[in-house]
Amino acid sequence: MTMTGRSTIPGSSRRGFITQAAVGSSLALAGSRVTTGSSALRQLNVACVGVKGMGFADLSNVGKHSSVRFVGFCDIDSERFDQADKQFANVDHFVDYREMLTKLGDRVDAVIVSTPDHMHAPVAMMAMSLGKHVYCQKPLAHTVWEVRQMRLLASKKNLTTQMGNQIHSASEYRTGVRWIHDGLIGKVHEVHSWVGVNGRQYCNRLDRPAANDTPRNVAWDLWLGAAPERPFSPDVYHPFKWRDWQDFGSGALGDFGCHLLDPVFGALELTAPISISAIHDGINQEVWPGPETVAYTFPGTRRTSASTVQVTWRDGGLQPPLELAQLPEGVALPKSGSLFVGEAGVMLLPHVGMPSIYERGKKREITEKVPGGNHWHAWVDAVLEGKKTTDGFDFAGPVAEAVQLGNIAAKLPGSLIEWDSQNFMIGNSKSANQLLTKSYRPGFEVKPA
Ligand SMILES: NC(=O)c1ccc[n+]([C@@H]2O[C@H](COP(=O)([O-])OP(=O)(O)OC[C@H]3O[C@@H](n4cnc5c(N)ncnc54)[C@H](O)[C@@H]3O)[C@@H](O)[C@H]2O)c1
């Protein structure tokens with residue numbers, strides 16, 4: 001079966017204030033191919049960008065699907081192919097994703113994007129513009145505008161996408177969503193989500209290091225990609241510690257927001273927040289803040305008790321007031337989780353654990369559980385069957401937009417940001433509005449959908 005001729009949809013809104021050059025404009029637009037003989041022989045040809053860290057978790061899980069064959073591994077660090085090679089031998093190596101996607105062309109049906117956050121959109125948008133289905137790590141992208149373009153392009157090209165938020169498919173989070181839909185705590189008044197890490201704990205610095213180094217095994221220019229140039233320093237950015245730096249990562253909210261807020265969006269059927277504000281102990285131009293509280297107001301839904309609903313995010317060890325939780329004596333809040341406060345009790349949903357319902361200090365015994373699924377295989381199956389996933393960019397996009405709006409609020413602590421999602425605009429603050437997007441280094445631009 002050849003999957004070409006994808007339908008297009010009208011209405012991809014282009015923002016006047018964003019004028020970005022086309023990326024890969026010289027590349028021919030090739031349709032992707034999913035080869036099928038009989039259903040038992042169906043095969044999905046997958047290329048991976050970023051193959052260690054979470055990238056290895058992604059490819060090893062996707063690769064356990066009997067219909068998947070890997071056709072290209074791309075990593076900017078020559079020492080990080082070892083695990084992938086050990087498990088899947090004889091897959092071609094690439095250093096530059098642009099070269100991989102160009103060279104492999106039609107031999108690629110789908111792409112896994114597991115790079116640091118600042119490169120999700122450049123890679124995923126190029127892949128989708130070439131007609132490839134995409135599995136992209138959370139938080140989907142680095143700016144609100146990038147997240148919106150990814151959602152629009154996936155829809156325009158009718159691609160099967162999934163955000164790499166595997167607990168979306170876990171029994172624990174699915175059960176929490178079901179219990180709210182079943183009305184077990186009635187309509188929801190407010191939600192609190194919190195995580196026990198803060199936005200600068202991994203790099204543990206406030207400023208760039210004075211010393212720099214020449215990387216042996218790292219193609220630093222490609223690692224920087226879309227981000228402004230700066231010298232390489234060992235053990236400061238790559239691997240993993242990039243998440244604390246504003247140019248590359250998205251702080252604690254970006255690291256965990258898409259995980260914890262996923263069941264909040266699912267349970268309450270949230271759309272876009274209408275206002276956001278943040279408080280913390282200070283921020284500079286380099287790293288994300290330490291412990292922060294981000295307050296979101298969303299329009300109310302059929303799951304909420306009022307015309308608006310408050311969702312409060314906390315990180316760095318901050319937690320909601322214990323008295324809200326109605327917990328029995330001696331029961332503590334988990335290190336990370338969400339608390340849904342409803343008309344008829346509260347639901348505590350640990351990250352990641354089975355939910356519990358409490359009412360005035362007593363636990364209600366509820367046995368109903370929703371089974372979990374395999375998030376990676378759900379994407380592969382959906383691609384092969386020409387279907388959509390439950391965590392496609394249409395669902396994940398609004399979650400990731402809210403997360404990155406929270407990060408805009410964190411850059412302007414104490415200000416109330418009024419978000420007009422329909423018109424893609426923060427109308428009450430020019431400085432906040434400018435933070436919806438960013439500029440790109442030449443060669444790594446993201447073209448509007
Ligand atoms: N879903 C989850 O539970 C989960 C957990 C951890 C990380 N993540 C996400 O996965 C992504 C990767 O995080 P990580 O902790 O594995 O980071 P990492 O720095 O440990 O690993 C990133 C990998 O990508 C490679 N890489 C970096 N830039 C690249 C580029 N331009 N082209 C090709 N390869 C490149 C690196 O060499 C490295 O092998 C992030 O988006 C992060 O938010 C998700």
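Residues numbered from 1 in each chain as written. Predicted model: local features only at pLDDT ≥ 70, side-chain atom pairs only at ≥ 80, totals over all residues. Heavy atoms only, no water.

Another point: the site of the ligand. Contacts to the ligand come from 27 residues, most closely from M54, D75, R80, H120 and Q166. At 2.7 Å from an oxygen atom of the ligand is found a main-chain nitrogen or oxygen belonging to M54. Q166 is positioned such that a nitrogen or oxygen atom in its side chain is 2.8 Å from an oxygen atom of the ligand. Protein coverage of the free-state accessible area of the ligand, which is 850 Å², stands at 94%. Of the residues belonging to the shell around the ligand, the class tally is ten nonpolar, ten polar and seven charged. (Near = heavy atom within 4 Å. Polar contact = N/O pair within 3.5 Å; in protein donor to acceptor, adjacent residues only side chain to side chain. Areas by Shrake-Rupley, 256 points an atom, 1.4 Å probe, with all protein chains shown as cover. Nonpolar A, V, L, I, M, F, W, Y, C, P; charged D, E, K, R; others polar.)

What follows concerns the pattern of salt bridges. Counted by the stated rule, this structure contains 22 salt bridges. E286 is paired through a salt bridge with R208; the nearest N and O atoms lie 2.9 Å apart. One end of the pair, E286, is in the loop between β8 (275-280) and β9 (292-299); the other, R208, is in the loop between β7 (188-195) and α7 (220-224), and 78 residues separate them in sequence. For R208, a relative accessible area of 37% translates into the label partly exposed. Taking the shortest distance from any N to any O, the salt bridge between R441 and D221 comes out at 2.9 Å. Of this pair, R441 sits in the segment after α11 (430-434) while D221 is found in helix α7, placing the two residues 220 residues apart along the sequence. Residue classification places R441 among the buried residues on the basis of a relative accessible area of 12%. Residue classification places D221 among the partly exposed residues on the basis of a relative accessible area of 43%. Each of R208, R230, D247 and E286 takes part in one network of salt bridges that share partners. (Salt bridge = Lys/Arg side-chain N within 4 Å of Asp/Glu carboxyl O. Helix = DSSP H or I, 4+ residues; strand = E, 2+ residues; numbered from the N terminus. Buried < 20%, exposed > 50% of the residue type's maximum accessible area, 1.4 Å probe, protein only.)

Helix α10 (residues 393-411) packs onto helix α5 (residues 144-156) with a crossing angle of 170 degrees between their chain directions and a minimal axis gap of 8 Å. Taken together, the axes of α5 and α10 lie roughly antiparallel to each other. Residue-level inspection shows V144, V147, R148, M150, R151 and A154 of α5 in contact with α10, the latter providing F393, D394, G397, P398, A400, E401, Q404, L405 and I408. Residues that form the contact of α5 with α10 fall into these classes: nine nonpolar, two polar and four charged. (Axes fitted to C-alpha atoms, helices over the stretch in contact; angles between N-to-C directions. Parallel < 35°, antiparallel > 145°, perpendicular 65-115°, else oblique. Contact = heavy atoms within 4.5 Å.)

With that out of the way, let us pick up the sheet that holds strand β5 (residues 133-137). If you walk across this open sheet you meet the six strands as β3-β2-β1-β4-β5-β6, and the pairing is parallel. Each edge of the open sheet carries a strand with a single partner, namely β3 (93-94) and β6 (161-164). Here six bridges tie strand β1 (residues 44-49) to strand β2 (residues 68-74), and the two strands are oriented parallel to one another. What sits directly across from N45, in β2, is R69. On the sheet, helix α3 (residues 97-104) packs against β1, β2, β3 and β4 (110-113) and is oriented at approximately 135 degrees with respect to β2. (Pairing = 2+ DSSP bridges.)

Grouped together as the largest cluster of nonpolar side chains are 105 residues, with contacts concentrated most on M128, L140, M150, Y296, W313, F340 and W419. Every residue in contact with W313, bar those within four places of it in the chain, is listed here: S193, V195, A252, L253, F256, G257, L260, L261, E292, T293, V294 and Y296. Grouped together as the second largest cluster of nonpolar side chains are 22 residues, L59, I112, W376 and L384 included. (Core = buried A, V, L, I, M, F, W, Y, C linked by side-chain atoms within 4.5 Å.)

Okay, the confidence of the model for the protein next. Predicted coordinates in areas of low pLDDT are best not read in detail. Mean pLDDT over the protein works out to 91, with 91% of the residues at or above the 70 mark. Below pLDDT 50 for its whole length, residues 1-33 participates in 74 contacts with residues either more than four positions away or in separate chains. With pLDDT under 50 throughout, residues 35-41 is counted as low confidence; its partners more than four residues away or in other chains account for six contacts. (pLDDT = per-residue confidence, 0-100.)

The subject of this paragraph is the packing of aromatic side chains. Scanning the entire structure with this criterion turns up 14 aromatic pairs. Measuring from centroid to centroid gives 4.8 Å for W220 and W223, while their planes differ by 5 degrees, and the two rings are stacked. Placement of both W220 and W223 in helix α7 is noted, with a separation of three residues, approximately one turn of the helix. With respect to burial, W220 and W223 carry one shared label: buried. Centroid distance F265 to F298: 5.4 Å. Interplanar angle 90 degrees. Geometry classified as edge-to-face. (Phe/Tyr/Trp six-rings, centres within 6.5 Å; stacked < 30°, edge-to-face > 60°.)

Okay, the side chain of H192 next. Looking at where H192 falls in the secondary structure, it is placed in strand β7. At 2.9 Å, the side chain of H192 and the side chain of R314 are in polar contact. Not counting chain neighbours up to four residues away, the residues in contact with H192 comprise T312, R314, P320, L324, G337, S338 and L339.

A few words on the environment of F393. Within the fold, F393 resides in helix α10. F393 gets classed as buried once you look at its relative accessible area, which sits at 0%. Taking C-alpha positions, F393 is 9.6 Å from L159, a pair spaced 234 residues apart along the chain. Ignoring any residue separated from it by four or fewer positions in sequence, one finds F393 in contact with M128, V134, C136, L140, M150, R151, A154, T161, Q162, M163 and P398.

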